[in-house]
Amino acid sequence: QVHLAESGGGLVQAGDSLTLSCAASGLTVRRVATGWFRQAPGKEREFVAAVRYNGHTYYSDSVKGRFTISRDTAKNTVTLQMNNLKAEDTAVYYCAADQNGILSTIRDPKMYDFWGQGIQVTVSA
């Protein structure tokens, strides 16, 4: 049984940094694509970042240069380092895994097979 558990969310001020972690069980992160998505109130879930099985990383334009996704294959975890946070980054953040990890659909939440429960990140202006 696959389980993804997010941790590290919270309330920070604009300009601060925060690190989200996703602990995976029931799958091996180096064999799948893992991604972070977020959903703000009244908005659709949107792509934030992803790392494919080969280690290549992908980012949305809104976080590129500020966020970094990485994985620890020994611990089977995926981390999202968020720097220079802005009020518009406020959302529930979700960790997800895509067993196929096709490049053309890496940003499509519908292609992800497994999801964590989500964790709140709030950035005060």
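Details of the structure are given in the entry above.
Reading guide: rules and limits
- Throughout this document, residue positions are counted from 1 along each chain, in the order its sequence is written.
- A pLDDT threshold of at least 70 governs which residues receive local features in this predicted model, and a stricter bar of 80 or more applies before side-chain atom pairs are shown or counted, although totals over entire chains, interfaces and linings include all residues.
- Hydrogens and waters are ignored; side-chain quantities use all the structure's heavy atoms.
- Helix and strand definitions here come from DSSP, where helices need a minimum of 4 consecutive H or I residues and strands a minimum of 2 consecutive E residues; each element is numbered from the N-terminal end.
- Radius of gyration means the value over C-alpha atoms here, while the globule rule gives 2.2 Å times the residue count to the 0.38 power.
- Note on exposure labels: buried denotes an accessible area under 20% of the residue type's maximum, exposed denotes more than 50%, and partly exposed covers the range between, all computed with a 1.4 Å probe on protein chains only.
- By definition in these notes, contact holds between two residues if any of their heavy atoms fall within 4.5 Å.
- We treat two strands as partners when DSSP finds at least two bridges between them.
- For helices, the fitted line uses only the C-alpha atoms of the stretch in contact; every axis is such a line through C-alpha atoms, and the angle between N-to-C directions lies from 0 to 180 degrees.
- Note on terminology: disulfide denotes any pair of cysteine sulfur atoms within 2.5 Å.

Peer 1: Explain the overall build of the chain to me, and be specific about the residues and the numbers.
Peer 2: From N to C terminus, the chain includes zero helices and 11 strands. In terms of overall size, the chain behaves like a compact globule, its C-alpha atoms giving a radius of gyration of 13 Å where 125 residues would be expected to give roughly 14 Å. Overall, the C-alpha framework of the chain stretches about 40 × 30 × 25 Å when taken along its three principal axes. Here the chain, with 125 residues, has 42% of them falling under the buried criterion. Taking contacts inside the chain between residues at least 6 apart in sequence as the whole, the part at least 24 apart equals 59%.

Peer 1: Lay out the sheet that holds strand E8 (residues 77–82) in plain terms, naming residues and giving numbers.
Peer 2: Taken in spatial order, the four strands line up as E1-E3-E8-E7 in an open sheet, and their pairing is antiparallel. Each of the sheet's edge strands pairs with one partner strand only, and the pair in question is strand E1 (3–7) and strand E7 (67–72). Strand-to-strand twist across the sheet, computed as the mean angle between neighbouring axes with direction ignored, equals 15°. As paired elements, E1 and strand E3 (residues 18–25) share five bridges and run antiparallel to each other. Bridge pairing links Ala 5 to Ala 23 in E3.

Peer 1: Kindly report on the state of the cysteines, identifying the contributing residues and their values.
Peer 2: Applying the stated criterion across every chain, the model contains one disulfide. Note that Cys 22 is cross-linked by a disulfide to Cys 95, the S-S spacing being 2.0 Å. Taking the torsion about the sulfur-sulfur bond, which here is approximately -75°, the covalent link between Cys 22 and Cys 95 counts as left-handed. Of this pair, Cys 22 sits in strand E3 while Cys 95 sits in strand E9 (residues 91–98); the two residues are 73 residues apart in sequence, bridging distant segments of the chain. Given a relative accessible area of 1%, Cys 22 falls into the buried group.

Peer 1: So, the pairing of strand E5 (residues 46–51): which residues are in play, and what are the values?
Peer 2: Counting buried positions along E5 yields five of six residues, so the element is predominantly enclosed. Bridge count for strand E4 (residues 33–39) against E5 is five bridges, and the pairing is antiparallel. Paired with Trp 36 across the two strands is Ala 49, which belongs to E5. Taking the residues that link successive antiparallel strands as the turn, the E4-E5 hairpin has six residues, and the phi of Gly 42 there is positive, at about 80°. Where E5 meets strand E6 (residues 57–59), three bridges bridge the pair, whose relative direction is antiparallel. Counterpart to Val 51 in the pairing with E6 is Thr 57.

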